[in-house]
Amino acid sequence: MTALLTIPRQPPPLARLAWRAAAAPEPAEWQVLHAIADRLAPPLQEAFLAAVDAFGAAVALRELQPLLEGRQVARVDRALPWDAFAAALAAGGARVVGEGFAAAAAGAAAFLPQAIRLQLRFDVTNPRAVAWIEQHAAALVREVTAETRAAVRALVARAFREGIPPAPLARLLRERVGLTQQGELAVANYQRFLERLAARSTLANLAPSVQERLLRSGLQQRQLAKLARTGLTPERISHLVDGYRGRLLQERAEAIARTETITASSQGQLELWRQAADAQLLDSKRTRQTWIVTPDSRLCPTVCRPMAGQTVAFGASFRTGDGRRVRTSPAHIRCRCGVRLAFSR
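No experiment lies behind these values; they were computed from the predicted model shown.

Conventions we followed
- Residues numbered from 1 in each chain as written.
- Predicted model: local features only at pLDDT ≥ 70, side-chain atom pairs only at ≥ 80, totals over all residues.
- Heavy atoms only, no water.
- Helix = DSSP H or I, 4+ residues; strand = E, 2+ residues; numbered from the N terminus.
- Polar contact = N/O pair within 3.5 Å; in protein donor to acceptor, adjacent residues only side chain to side chain.
- Axes fitted to C-alpha atoms, helices over the stretch in contact; angles between N-to-C directions.
- Parallel < 35°, antiparallel > 145°, perpendicular 65-115°, else oblique.
- Left-handed = near helix turned anticlockwise from the far one by under 90°.
- Contact = heavy atoms within 4.5 Å.
- Nonpolar A, V, L, I, M, F, W, Y, C, P; charged D, E, K, R; others polar.
- Buried < 20%, exposed > 50% of the residue type's maximum accessible area, 1.4 Å probe, protein only.
- Pairing = 2+ DSSP bridges.
- Expected span 1.5 Å × (residues − 1).
- Bend = angle between axes of the 7 residues up to and from the residue.
- Core = buried A, V, L, I, M, F, W, Y, C linked by side-chain atoms within 4.5 Å.
- Salt bridge = Lys/Arg side-chain N within 4 Å of Asp/Glu carboxyl O.
- Phe/Tyr/Trp six-rings, centres within 6.5 Å; stacked < 30°, edge-to-face > 60°.
- Lys NZ or Arg CZ within 6 Å of the ring centre and 35° of its normal.

K.L.:
Run through the side chain of glutamine 289, naming residues and quoting values.
P.N.:
Structurally, glutamine 289 is set in strand β3 (residues 287-292). Polar side-chain contacts of glutamine 289 include one of 3.0 Å to the backbone nitrogen of glycine 315.

Listed below in structure tokens is the structure:
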């Protein structure tokens with residue numbers, strides 16, 4: 001059964017919600033697409049965190065401990081429940097990718113010239129659209145799982161080097177999965193930093209750089225004052241490390257969700273334009289695409305700022321500030337740029 005979407009005069013429910021959520025009374029096209037992505041980011045974030053929980057719940061400590069005693073990273077990796085992680089992520093990720101793709105196409109249609117909008121019937125089951133949704137949903141699961149597995153392998157190898165016994169290491173694997181290698185390294189460095197502080201005779205009058213690092217890790221000023229009085233016990237260090245890791249895990253979940261929902265929204269917009277060109281409603285030879293940046297203090301200075309106003313032929317690639325080629329937003333993780341059409345007479 002073919003699913004054809006006749007472009008309505010009003011955007012569909014999710015696009016209407018996004019329209020109202022956008023900053024301007026009559027928002028720009030990129031604002032509508034970003035608002036759609038913002039609405040869909042929390043479910044994808046939850047899907048990632050659910051995958052982390054599913055992995056932890058499926059770790060069999062009794063079976064894992066003998067493998068850890070053998071000190072073979074590859075065997076430990078193969079024994080971990082990565083299928084449970086991937087299945088949980090796929091369950092939520094595929095729905096969000098598909099919904100964002102379709103909602104963005106409908107939302108972007110409102111910005112097409114009226115002559116095109118009234119005739120265009122967007123086909124969400126177009127083979128090209130279906131292929132992108134399926135392939136990207138699968139790639140999302142594959143890439144996030146691969147990044148997470150690499151971090152776990154690095155964690156196991158480091159634990160072997162540092163002589164962490166098998167039983168606590170098995171519990172660590174159950175409780176601390178989800179970060180990238182960089183994130184796991186940051187956690188390990190933070191723990192070593194706290195352990196060096198604990199070895200001091202006093203925590204009073206800490207150097208400003210030390211206080212700044214503690215504050216950046218999530219501590220409040222009043223907590224610093226308490227540490228100066230009570231010191232750093234092993235229990236307190238464990239509590240602080242767990243809190244720091246939790247914040248990094250939330251940051252990774254947000255980065256994945258934000259980047260992937262913007263990707264789905266941008267690709268839905270791009271597919272709408274392609275179908276308009278396929279139907280000969282849009283003259284691709286007289287249509288160009290312009291890169292739009294979000295003009296605020298969070299604008300990426302190296303990748304996106306140089307792209308502001310860059311205009312290319314319809315269907316062509318943009319060149320990023322660091323020399324890469326991209327067809328549409330995002331140009332990097334957490335990118336907030338957009339693309340619009342420009343028509344020549």
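Picking up after the structure, the text goes on.
K.L.:
Account for the packing of helix α7 (residues 127-162) against helix α12 (residues 234-278), with residues named and values stated.
P.N.:
The packing of two helices is summarised by the inter-axis angle and the distance between the axes. In the contact formed by α7 and α12, the axes pass within 11 Å of each other and the chain directions differ by 160°. One way to sum up the angle between α7 and α12 is to call them roughly antiparallel. The hand of the α7/α12 crossing is right-handed. Contacts between α7 and α12 pair Arg128, Ala129, Trp132, His136, Leu140, Val144, Glu147 and Thr148 from the former with Arg252, Ile256, Glu260, Thr263, Ala264, Gln267, Glu271, Arg274, Gln275 and Asp278 from the latter. Of the residues that constitute the contact of α7 with α12, the class distribution is 6 nonpolar, 5 polar and 7 charged.

K.L.:
Which residues make up the pairing of β3, and what values go with them?
P.N.:
Of all 6 residues making up β3, 5 are buried, and the element is well covered by its neighbours. In this sheet, strand β7 (residues 338-343) lies alongside β3 in antiparallel orientation, the contact comprising 6 bridges. Along β7, the bridge assignment pairs glutamine 289 with leucine 341. In this structure, β3 lies alongside strand β4 (residues 311-313), joined through 3 bridges in antiparallel fashion. The residue bridging glutamine 289 from the neighbouring strand is valine 312, located in β4.

K.L.:
Explain unusual backbone geometry to me, and be specific about the residues and the numbers.
P.N.:
Here serine 329 and proline 330 are connected by a cis peptide whose omega angle stands at 5°. Notably, arginine 71 is not glycine yet its phi reads approximately 55°, a positive angle. Looking at where arginine 71 falls in the secondary structure, it is placed in the loop between α3 (61-69) and α4 (73-79). For arginine 71, a relative accessible area of 48% translates into the label partly exposed. The phi dihedral of glutamine 280 is positive, around 60°, even though this residue is not glycine. In this fold, glutamine 280 is placed in the loop between α12 and β3. A residue is classified by how much of its surface remains accessible, and glutamine 280, at 72% relative accessible area, is exposed.

K.L.:
I'd like a description of helix α2 (residues 29-58), backed by residues and values.
P.N.:
With 30 residues, α2 ought to run about 44 Å at 1.5 Å a step, and its terminal C-alpha atoms sit 44 Å apart, in line with that. Leucine 40 marks the point of greatest bend in α2, at about 35°, and the proline proline 42 comes within the next four residues.

K.L.:
So, the nonpolar core: which residues are in play, and what are the values?
P.N.:
Core analysis: the largest hydrophobic core is formed by 94 residues, its most contacted members being Phe48, Leu173, Leu194 and Leu214. Looking at this core element by element, the count peaks at 14 residues for α12. Once you skip the residues sitting within four places of it in the chain, leucine 194 turns out to touch Leu214, Leu232, Ile237, Leu240 and Val241.

K.L.:
Provide a residue-level description of the environment of glutamate 162, including the pertinent values.
P.N.:
Mapped onto the secondary structure, glutamate 162 falls in helix α7. For glutamate 162, a relative accessible area of 44% puts it in the partly exposed group.

K.L.:
Describe the pattern of salt bridges, with residues and values.
P.N.:
Under the defined criterion, the tally for this structure stands at 12 salt bridges. Between arginine 252 and glutamate 147 there is a salt bridge, and its shortest N-O distance comes to 2.8 Å. Taken together, the positions of arginine 252 in helix α12 and glutamate 147 in helix α7 put the pair 105 residues apart, joining distant regions of the chain. For arginine 252, a relative accessible area of 9% translates into the label buried. Its relative accessible area of 41% is what places glutamate 147 among the partly exposed residues. Notably, a salt bridge pairs glutamate 162 with arginine 158, separated by 3.3 Å at the nearest N-O pair. Note that glutamate 162 and arginine 158 are positioned in helix α7 at a spacing of 4 residues, about one turn of the helix.

K.L.:
Residue-level account of the packing of aromatic side chains, with values.
P.N.:
By the definition in use, this model includes 7 aromatic pairs. Aromatic pair phenylalanine 55 and tryptophan 82: ring centres 4.7 Å apart, planes at 45°, arrangement tilted. Highlighted residues: phenylalanine 55 in helix α2 and tryptophan 82 in helix α5 (residues 82-109), separated in sequence by 27 residues. In this pair, the class of phenylalanine 55 matches that of tryptophan 82, namely buried. A ring pair is formed by phenylalanine 101 and tryptophan 132, whose centres lie 5.5 Å apart and whose planes are at 20°; its orientation type is stacked. Placement of phenylalanine 101 in helix α5 and of tryptophan 132 in helix α7 is noted, with a sequence separation of 31 residues between them. What makes phenylalanine 101 buried here is its relative accessible area of 1%. Judged by its relative accessible area of 19%, tryptophan 132 falls in the buried class. Through a chain of ring-to-ring contacts, the aromatic side chains of Phe48, Phe55, Trp82 and Phe85 assemble into a single cluster. One Lys or Arg, arginine 213, reaches over the ring of phenylalanine 193 and ends 4.2 Å from the middle of that ring.

Any functional reading would require information that these geometric values do not contain.
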